[in-house]
Amino acid sequence: MAGDGAGGYRAGETALIVKVPEAEPVVGRWRERFDSSVAVGIPAHVTVLYPFLRHDRIGDRVLGELGALFGAHRAFDVGFPGCGRFPGVLYLAPAQEDRLRALTSAVADRWPEAPPFQGRFADVVPHLTVAYSQEPGVFDEIEADLSGRLPVTARVVSVHLLVYDGTTWRERAEFALRG
């Protein structure tokens, strides 16, 4: 989900994300300009696992397992004190990435047939995408603007299951972190 834009999604794909609405006032205008995922309904977020199982494979049993899996984790605070970069991607870097990594690991361990980002990356780094596919100078401008507006802090209380219908991403379920 992060950094690959709206063009690469297929109907029936699903994603597990942590929404970060607290980031919208800080990154929203940049995301609208430089992250086409905004146009297909993806809010500011940290991806837990994408792509997850195809929509037609997610029934009551899988939803129940996801509820139990995430319910075993406690809610937590996360701060985004600064930016980071991947090739072609500018993002907010979470300070408490271990808690976010634990959510990803739990899902990936339970459903090894759905590795994060289809196994393309040896290390999945939690992040909140702000912009992608821009020249370094554009990233420098965005980062300079954001530096005076950070940190963003948020309370992570749930994980959301989104489904792509071919036009937009829609929320199918929310799983509380209860611990």
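Residues numbered from 1 in each chain as written. Predicted model: local features only at pLDDT ≥ 70, side-chain atom pairs only at ≥ 80, totals over all residues. Heavy atoms only, no water.

(A) Just the packing of helix α2 (residues 60–71) against helix α3 (residues 97–110), in detail. α3 packs onto α2 with a crossing angle of 145° between their chain directions and a minimal axis gap of 11 Å. Like other packed secondary-structure pairs, α2 and α3 cross with a definite hand, here right-handed. In this structure, α2 uses Arg-61, Glu-65, Leu-69 and Phe-70 to contact α3, whose residues at the interface are Leu-103, Ala-106, Val-107 and Arg-110. For the contact of α2 with α3, a count of residues per class yields five nonpolar, no polar and three charged. (Axes fitted to C-alpha atoms, helices over the stretch in contact; angles between N-to-C directions. Helix = DSSP H or I, 4+ residues; strand = E, 2+ residues; numbered from the N terminus. Left-handed = near helix turned anticlockwise from the far one by under 90°. Contact = heavy atoms within 4.5 Å. Nonpolar A, V, L, I, M, F, W, Y, C, P; charged D, E, K, R; others polar.)

(B) Here's a closer look at the sheet that holds strand β1 (residues 14–19). Here four strands make up an open sheet; going across it, the order is β2-β1-β8-β9 and the pairing antiparallel. Sheet topology places β2 (45–49) and β9 (169–176) at the edges, where each strand pairs with a single neighbour. Each strand of the sheet is rotated relative to its neighbour by a mean of 35°, with strand direction disregarded. Direction of pairing for β1 relative to β2: antiparallel, over a ladder of four bridges. Looking across to β2, one finds that Ile-17 is bridged to Thr-47. This element, α2, spans β1, β2, β8 (158–164) and β9 of the sheet and lies at about 50° to β9. Strands in contact with α3 are β1, β2 and β8; relative to β2, the strand with the most contacts, it is inclined by about 30°. (Pairing = 2+ DSSP bridges.)

(C) Looking closely at the nonpolar core. Grouped together as the largest cluster of nonpolar side chains are 47 residues, with contacts concentrated most on Leu-16, Phe-52 and Phe-70. Not counting residues up to four positions away in its chain, the partners in contact with Phe-70 are Leu-16, Val-48, Leu-103, Val-107, Val-159, Phe-175, Ala-176, Leu-177 and Arg-178. Counting residues in each nonpolar core, the second largest holds 10 residues, with Tyr-9, Ala-15, Ile-42 and Phe-117 among its members. (Core = buried A, V, L, I, M, F, W, Y, C linked by side-chain atoms within 4.5 Å. Buried < 20%, exposed > 50% of the residue type's maximum accessible area, 1.4 Å probe, protein only.)

(D) Main features of the packing of aromatic side chains. Counted under the stated rule, the structure contains 10 aromatic pairs. Measuring from centroid to centroid gives 6.3 Å for Tyr-50 and Phe-117, while their planes differ by 65°, and the two rings are edge-to-face. With a gap of 67 residues between them, Tyr-50 in the loop between β2 and α2 and Phe-117 in the loop between α3 and β6 (128–132) connect regions that are remote in the sequence. Take Tyr-50 and Phe-117: they sit in the same class, and that class is buried. Measuring from ring centre to ring centre gives 5.3 Å for Tyr-164 and Trp-169, while their planes differ by 35°; the resulting arrangement is tilted. Each of the two residues, Tyr-164 as well as Trp-169, counts as buried. (Phe/Tyr/Trp six-rings, centres within 6.5 Å; stacked < 30°, edge-to-face > 60°.)

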